[in-house]
Amino acid sequence: MRDEEFIRGRVPMTKSEVRAVSISKLELAEGEIVYDIGAGTGSVAVEMAMTTRCGHVYAVEYKKEACELIRRNREHFHVDNLTVVEGEAPGILEGMPGPDKVFIGGSKGKLQEIFDWIWNKNPDTRVVINAATLETLASVSAYLQEHKMEAEIVCVQVAKARKLGDYHLMEGQNPVYIVTIEPPGVGAVN
């Protein structure tokens with residue numbers, strides 16, 4: 001889906017090219033329970049809800065403005081299988097159903113606690129995280145090493161053409177590391 005189709009406001013949004021790779025790495029299937037933690041505008045949550053129509057997507061976000069944008073995008077795209085969960089993970093996740101797949105777009109520095117919660121709730125959960133900062137990537141790497149887990153890490157860097165007079169200039173966007181983590185039992189190092 002094109003970025004221009006989403007209602008944006010001033011809330012950060014995962015861009016379409018990064019969204020496409022991230023969602024494909026989740027390997028969504030019909031009927032799954034899927035979380036989008038740090039959902040921002042809900043662009044990833046909306047696309048996931050459209051992909052797994054018979055399942056359910058929970059968009060977890062702590063900013064009120066962002067939660068309102070997610071609700072507006074949910075209505076705009078007519079996805080009834082999307083629930084907005086307003087609050088900060090992992091605390092707000094208590095009492096929610098165990099996820100089959102989780103996308104993490106933001107963690108407010110609580111990434112390791114979120115990982116622990118996910119795999120305590122469902123040890124077979126596949127997780128995809130977007131790391132736009134080196135600190136987030138370092139936190140993911142430290143967790144993986146400590147828990148003897150494997151992951152696929154892909155760096156996506158996109159440049160888009162911008163018209164400049166009669167010419168087009170390629171303008172780069174920030175690189176994003178897309179980390180796909182198999183459930184602990186699947187990718188564990190022996």
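First things first, this report covers the structure right here in the doc. (Residues numbered from 1 in each chain as written. Predicted model: local features only at pLDDT ≥ 70, side-chain atom pairs only at ≥ 80, totals over all residues. Heavy atoms only, no water.)

### Remarks on the packing of helix α4 (residues 111-121) against helix α5 (residues 134-146)
No. 1: Packing of α4 against α5 leaves a shortest axis separation of 10 Å and a crossing angle of 45°. Taken together, the axis directions place α4 and α5 in an arrangement best described as oblique. Helix-helix and strand crossings are classified by hand; for α4 and α5 the assignment is right-handed. Across the interface between the two elements, Leu111, Gln112, Phe115, Asp116 and Trp119 from α4 touch Thr136, Ser139, Val140, Ala142, Tyr143 and Glu146 from α5.
No. 2: Tallied by class, the residues present in the contact of α4 with α5 amount to six nonpolar, three polar and two charged. (Axes fitted to C-alpha atoms, helices over the stretch in contact; angles between N-to-C directions. Helix = DSSP H or I, 4+ residues; strand = E, 2+ residues; numbered from the N terminus. Parallel < 35°, antiparallel > 145°, perpendicular 65-115°, else oblique. Left-handed = near helix turned anticlockwise from the far one by under 90°. Contact = heavy atoms within 4.5 Å. Nonpolar A, V, L, I, M, F, W, Y, C, P; charged D, E, K, R; others polar.)

### Considerations on the pattern of salt bridges
No. 1: Scanning the entire structure with this criterion turns up 13 salt bridges.
No. 2: Ionic pairing is found between Glu17 and Lys160, a salt bridge with its closest N-O pair at 3.4 Å. Taken as a pair, Glu17 in helix α1 (residues 16-26) and Lys160 in strand β7 (residues 159-164) lie far apart in primary sequence, 143 residues in all.
No. 3: Salt bridges sharing common partners tie together Asp3, Arg19 and Glu47. (Salt bridge = Lys/Arg side-chain N within 4 Å of Asp/Glu carboxyl O.)

### A look at the pairing of strand β5 (residues 126-131)
No. 1: Counted residue by residue, β5 has six buried out of six residues, so it is predominantly covered.
No. 2: Neither face of β5 is open: one carries Arg126, Val128 and Asn130, the other Val127, Ile129 and Ala131, and all of them are buried.
No. 3: As judged from the four bridges shared by strand β4 (residues 101-104) and β5, these two strands associate in the parallel manner. Within the sheet, the bridge partner assigned to Phe103 lies in β5 and is Val128.
No. 4: Crossover β4 to β5 through α4 is right-handed.
No. 5: The sheet contact formed by β5 and strand β9 (residues 176-181) spans five bridges and is antiparallel. (Buried < 20%, exposed > 50% of the residue type's maximum accessible area, 1.4 Å probe, protein only. Pairing = 2+ DSSP bridges. Right-handed = clockwise from strand over helix to strand, strands pointing away.)

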